[in-house]
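# Structure at a glance
If you want the building blocks of each chain, they are given just below.
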Amino acid sequence: MGCASFASAPAAARWADRVFEARNVSFYVASAATVLSILGLAGFLRASGVTGVRVRTVVAGGLACLVTMTLLYLLEGTSEPGFATTADDRPAARLYNTVFHGAVAAGLCAFIERTAAEIRRADRALRLALGLAVAGMAVGVVPVLWKLGLVLVGGVTEPRYMSVTLHLSAASVITFSAGSAAAAAVRSTLDLCHRRRRERREQALCELWTLLGKAGLHGPLAHVAAATRVRGFALGIREAQRTLRPYVPSGLTEHAREEADERGYDAAFVEAVELRAAMAAFAAGYQFEQPERDAAPSAGRATLQVDEDAEFDRLAALAWFFQNDPAVAELARAALDGSSSPE
């Protein structure tokens, strides 16, 4: 986009013709590269996961524009001086400019609309970077639309506003490049953090699953072996909780909830306390009366929530509390020591 605006300037075109010893080559190469950059922008937005751009549609439209521009350039651009300037009123030149600037403007406007709609769903840091990139595209649309308007009017020169359009193009390139680089860096950082979080989550679930196996709870949980690794751990832990339900000391859940409220913890803390106490009772070989719940596990198998990713996070928090919070062990031990009705 910026290259096209600079190459459209008469002074830049004359300098390029003198250097390359050919007419209008620099302008054609710059305009073709700008159309290709629109295709690259579509791929960038699609690969970054920001918006679902139809890359095939964009590529098909861009290639059609390139073919049309190439044919028009070969028809008149190689021999006519000042080809495709805004003052060139010949049909081939006007059609060339209309196709070129129309394609660039349409592509930028479409990307601005799509990206702006998706920015609200992005993380805060990524939202700022993408906003900068969108601002760059928005600034770049102005000189493109300006030139397209001059082309449609026909036979109009723009010496008074040439410096303005050049400065806008330069600002657009700089702003968009900075925003794109920042968005790529933020996306890479977020992906790395997300991958490490998944690894830590899987490790926590694996460790808790191993502890359940040492407690002799892997036997009835063999059906989870066919599931994926993390999902299998999650199903196994939920199945263990269901199996151990009759071994939770009476009144422990309410006490654990009160402690969680005081500490500002969520339900994962309560579940960790219940699981630790139930495992100890299971190992000792006795159960407790359950006035507010079934004395035996319900029929069927354990299931996960619809949002399995949130379920994995909750179970990872449960695993952390189970292994690292001393309050969990203290509450479980106190509940077992204070229980007077083992069967």
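In short, a report on the structure. Here the structure is a predicted model, which is why all the values come from computation and not from measurement.

### Section: the overall build of the chain
For the chain, the count of helices and strands is 12 helices and 0 strands. The order of helices and strands in the chain, counted from the N terminus, is α-α-α-α-α-α-α-α-α-α-α-α. Within the span of the chain, comprising 343 residues, buried residues form 41% of the whole. Across the chain, every contact between residues at least 6 apart in sequence was considered, and the portion connecting residues at least 24 apart equals 76%. About 17600 Å² of surface is accessible on the chain, with carbon and sulfur atoms providing 59% of the total.

### Observations regarding helix H10 (residues 267-284)
Helix length check: H10 (18 residues) gives 26 Å between terminal C-alpha atoms against 26 Å at 1.5 Å per residue, within 8%. Where H10 is concerned, the buried positions are Ala268, Phe269, Val270, Glu271, Ala272, Val273, Glu274, Leu275, Ala277, Ala278, Met279 and Ala281. Where H10 begins, one side-chain oxygen reaches toward the backbone nitrogen of Ala268, 3.1 Å away; that side chain belongs to Asp266. One or two residues past the end of H10 sits Gly285, with phi positive at roughly 85°.

### Examining the side chain of Glu259
Residue placement: Glu259 occurs in helix H9 (residues 252-263). One polar contact links Glu259 to Arg263, side chain to side chain, over a distance of 2.9 Å.

### A word on the nonpolar core
With 43 residues, the main nonpolar core has Leu212, Phe269 and Leu275 as its most contacted residues. For this core, the secondary-structure elements that each account for two or more residues are helix H7 (162-214), helix H8 (229-243), H9, H10, helix H11 (308-324) and helix H12 (326-338). Residues in contact with Leu275, not counting those within four places in the same chain, are Leu208, Leu212, Gln241, Leu244, Leu318 and Phe322. One finds Ala42, Tyr73, Phe111 and Ala122 within the second-largest nonpolar core, a separate group that totals 33 residues.

### What about the environment of Gly131?
Tracing the chain through its elements places Gly131 in helix H6 (residues 124-153). The sequence separation of Gly131 and Phe176 amounts to 45 residues, and the corresponding C-alpha distance is 9.5 Å.

### Considerations on the packing of helix H4 (residues 55-77) against helix H5 (residues 91-119)
Taken N-terminus to C-terminus, the directions of H4 and H5 make an angle of 160°; their axes are 9 Å apart at the nearest point. Comparing their axes, H5 and H4 come out roughly antiparallel. For the pair H4 and H5, the crossing hand works out as left-handed. Across the interface between the two elements, Val58, Cys65, Thr68, Met69, Leu72, Tyr73 and Glu76 from H4 touch Ala92, Leu95, Tyr96, Val99, Phe100, Ala103 and Phe111 from H5. Its residues placed into classes, the contact of H4 with H5 shows 12 nonpolar, 1 polar and 1 charged.

Procedures and definitions
- Residues numbered from 1 in each chain as written.
- Predicted model: local features only at pLDDT ≥ 70, side-chain atom pairs only at ≥ 80, totals over all residues.
- Heavy atoms only, no water.
- Helix = DSSP H or I, 4+ residues; strand = E, 2+ residues; numbered from the N terminus.
- Buried < 20%, exposed > 50% of the residue type's maximum accessible area, 1.4 Å probe, protein only.
- Contact = heavy atoms within 4.5 Å.
- Areas by Shrake-Rupley, 256 points an atom, 1.4 Å probe, with all protein chains shown as cover.
- Expected span 1.5 Å × (residues − 1).
- Polar contact = N/O pair within 3.5 Å; in protein donor to acceptor, adjacent residues only side chain to side chain.
- Core = buried A, V, L, I, M, F, W, Y, C linked by side-chain atoms within 4.5 Å.
- Axes fitted to C-alpha atoms, helices over the stretch in contact; angles between N-to-C directions.
- Parallel < 35°, antiparallel > 145°, perpendicular 65-115°, else oblique.
- Left-handed = near helix turned anticlockwise from the far one by under 90°.
- Nonpolar A, V, L, I, M, F, W, Y, C, P; charged D, E, K, R; others polar.

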